[in-house]
Amino acid sequence: MKKKVTLKQIAKELDVSISTVSKSLRNSLEIGEETRLKVQAFAKFYNYKPNNIALSLKNRRTKTIGIIIPEIVHYFFSTVINGIEQVANEKGYSVIICLSDDSFDKEVMNMELLAHGSTDGFIMSLSKETQFKKDFHHITEVIDQGMPVVMFDRITDEVHCDKVIIDDKKAAYEAVEFLIKQGRKKIALVTTVDYVSVGKLRTDGYTKALLDNAIPFDEQLIIKIEDVDTCEITISQLLEDKAIDAVFAVNELFAVTILKTAHKIGLTVPKDLAIIAFTDGIISKYSTPTITTVSQSGAKMGKKAAEMLIQRLEAEEHEEEDESYRTEIIETHLIERESTD
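A quick note: this is a predicted structure, and the numbers were derived from the prediction, not measured.

A. Structural view of the environment of Q145. You can see Q145 is positioned in the loop between α7 (137-144) and β4 (149-152). For the pair formed by Q145 and T6, sequence separation is 139 residues and the distance between their alpha carbons is 6.3 Å.

Dropping the structure here:
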């Protein structure tokens, strides 16, 4: 039985663009007869059948970008969307935003829906469940059929596409080292479960900072939270039982819960307990005390993702497709506030 081929594989084999293959298979007169017949014969020989996940190829540009994000409650994702929209609008593109709610099935449904003629390409951050399952078939199918994808924040190395990230490990390292230099010795980490890529990288940065500064690593000081709604109980146990003097939280929601819980049990921030969080959101700016944060530069990340996607879309229109993919790293910095000395 012949192996199933994709538009991309046909294009590579015949040394033409994906756009040329797509138009040839639709018998478009834009393509010369010799090329059309060659493409059609090759596709027939290999029993090529169009993948219904990508029916909106170059033949009908929508000038619309599909954005798929895990959730909207995090300030970070809203700033990324703002950055995407700014660049998209400047370039004459519209955006459609879908939420996966950290569900694999919903992420797949969103992608299939938008790829069915609504969008030209995708900007996405993976759901927790997708990372847990390690099933990325829906994304690779879209890419194989010629629709570009740019991943940001929560990414996977198993999918070859353009990506925009921060150096999560380095940023976490620098935040924990900042606490150590302030004289903090017993530093806890409140993070997500390991299969969420950013949580794992931030845990690695935390651990390295401790070891590099000769502070013993204690696994009991790492709290991995899966359900945000019940995290207050777990955080309360951490603060009451472990006599810690600092906490590094991998997101703003965890940080504000730590702050609230500390107040409840009579700890003063930052005198008794210092707190640093990822994401420089509104909560961090207006909490009492205000929270020191690692700025993820969400707007910059969104702008860069949109620029990369549009650049690839417009290169395809001119049949200048580039098979090499880039990973852009956005710089982070620490914003010092009242939750640290």
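There's plenty left to go through after this.
B. Structural view of the pattern of salt bridges. With the rule as written, the count across this model stands at 14 salt bridges. Between K23 and E30 there is a salt bridge; the shortest N-O distance is 3.0 Å. On the accessibility criterion, K23 (15% relative accessible area) is buried. A relative accessible area of 61% places E30 in the exposed class. With a closest N to O distance of 2.9 Å, E328 and R326 form a salt bridge. Given a relative accessible area of 22%, E328 falls into the partly exposed group. Through salt bridges with shared partners, a single network forms among E71, D102 and R154.

C. Region of interest: the environment of A115. Tracing the chain through its elements places A115 in helix α5 (residues 104-115). Residue class for A115 comes out buried when judged on its relative accessible area of 0%. A115 sits 174 residues away from P289 along the chain, and the two C-alpha atoms are 46 Å apart.

D. Expanded view of the pairing of strand β5 (residues 162-166). Burial runs high along β5: five of the five residues are buried. The alternating pattern of β5 places D162, V164 and I166 on one face and K163 and I165 on the opposite face, and all of these are buried. Where β4 and β5 come together, three bridges link them in parallel fashion. The residue of β5 that forms the bridge with V150 is D162. With four bridges joining them, β5 and strand β11 (residues 327-330) adopt parallel strand pairing. Residue pairing in the sheet places I165 in a bridge with I329 of β11.

E. Just the sheet that holds β5, in detail. Across the sheet, six strands lie side by side as β2-β1-β3-β4-β5-β11; this open sheet has parallel pairing. Here the strands that pair on one side only, and so sit at the sheet edges, are β2 (94-99) and β11. Strand-to-strand twist of the sheet, defined as the mean angle between neighbouring strand axes without regard to direction, takes the value 20°.

F. Layout of unusual backbone geometry. Cis geometry is found at the peptide bond from V269 to P270, where omega equals 10°. By secondary structure assignment, the location of P270 is in the loop between α11 (252-264) and β9 (274-278). Omega for the peptide link from T288 to P289 comes to -5°, which places this bond in the cis form. The phi angle at K134 is positive, at roughly 55°, despite the residue not being glycine. Its place among the elements puts K134 in the loop between α6 (128-133) and α7. The class of K134 is exposed, set by a relative accessible area of 57%. One non-glycine residue, S297, lies in positive phi territory at about 55°.

Cut-offs used in this document
- Residues numbered from 1 in each chain as written.
- Predicted model: local features only at pLDDT ≥ 70, side-chain atom pairs only at ≥ 80, totals over all residues.
- Heavy atoms only, no water.
- Helix = DSSP H or I, 4+ residues; strand = E, 2+ residues; numbered from the N terminus.
- Salt bridge = Lys/Arg side-chain N within 4 Å of Asp/Glu carboxyl O.
- Buried < 20%, exposed > 50% of the residue type's maximum accessible area, 1.4 Å probe, protein only.
- Pairing = 2+ DSSP bridges.
- Axes fitted to C-alpha atoms, helices over the stretch in contact; angles between N-to-C directions.

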